[in-house]
Amino acid sequence: MAHVPVLAFGRLSAIPHSRLLDEKMKTPHADNPRGGHEFVNRSSFYQEYLAEREEILRHKWIQSEKAGHDIGFETALIDWVRNHRDKWRASRRPGAPVSPLNQSN
């Protein structure tokens, strides 16, 4: 596996943030055929990470459309955490009312 530099001239390289985060989630046993990678993929923590990342990327797209330019992942992340994360997490708790926006179908 080729090493990809994370920092280039003081900024993150052109690798999409989601790929960088996915790379960080890999463990030495991730390719273990006896279930290391399966465990990570089935982990409720990893599933929550994926769901939250998807919401952040959706927020980034919406805000970028409103702004007329790409606002960037960090800006979207900070805005989403400050303004939407608590409500989003509360809506995912068992027994929370289901709104049409929160359905996964």
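These notes cover the structure that comes with them. All figures in this text were calculated on a predicted structure; none of them were measured in a lab.

Turning to the packing of helix α3 (residues 44-67) against helix α4 (residues 73-83), a few remarks are in order. Following both chains from N to C, one finds α3 and α4 inclined at 110°, their axes separated by 9 Å at the closest point. Between α3 and α4, the angle falls in the class roughly perpendicular. Residues E52, E55, I56, L57, H59, K60 and Q63 of α3 lie in contact with α4, whose contacting residues are F73, A76, L77, D79 and W80. Residue composition of the contact of α3 with α4, grouped by class: six nonpolar, two polar and four charged.

Core analysis: the largest hydrophobic core is formed by five residues, namely A51, I56, F73, W80 and W88. Looking at this core, the elements that each hand over two or more residues are α3 and α4. Here W80 is in contact with E52, E55, I56, H59, R85 and W88, once residues within four sequence places are set aside.

As a further point, take α3. A rise of 1.5 Å per residue sets the reference length of α3, with its 24 residues, at 34 Å; its end C-alpha atoms lie 34 Å apart and thus fit the reference within 8%. The positive-phi residue at the C-terminal boundary of α3 is G68, with phi of around 85°.

Quick notes on the rules
Residues numbered from 1 in each chain as written. Predicted model: local features only at pLDDT ≥ 70, side-chain atom pairs only at ≥ 80, totals over all residues. Heavy atoms only, no water. Axes fitted to C-alpha atoms, helices over the stretch in contact; angles between N-to-C directions. Helix = DSSP H or I, 4+ residues; strand = E, 2+ residues; numbered from the N terminus. Parallel < 35°, antiparallel > 145°, perpendicular 65-115°, else oblique. Contact = heavy atoms within 4.5 Å. Nonpolar A, V, L, I, M, F, W, Y, C, P; charged D, E, K, R; others polar. Core = buried A, V, L, I, M, F, W, Y, C linked by side-chain atoms within 4.5 Å. Buried < 20%, exposed > 50% of the residue type's maximum accessible area, 1.4 Å probe, protein only. Expected span 1.5 Å × (residues − 1).

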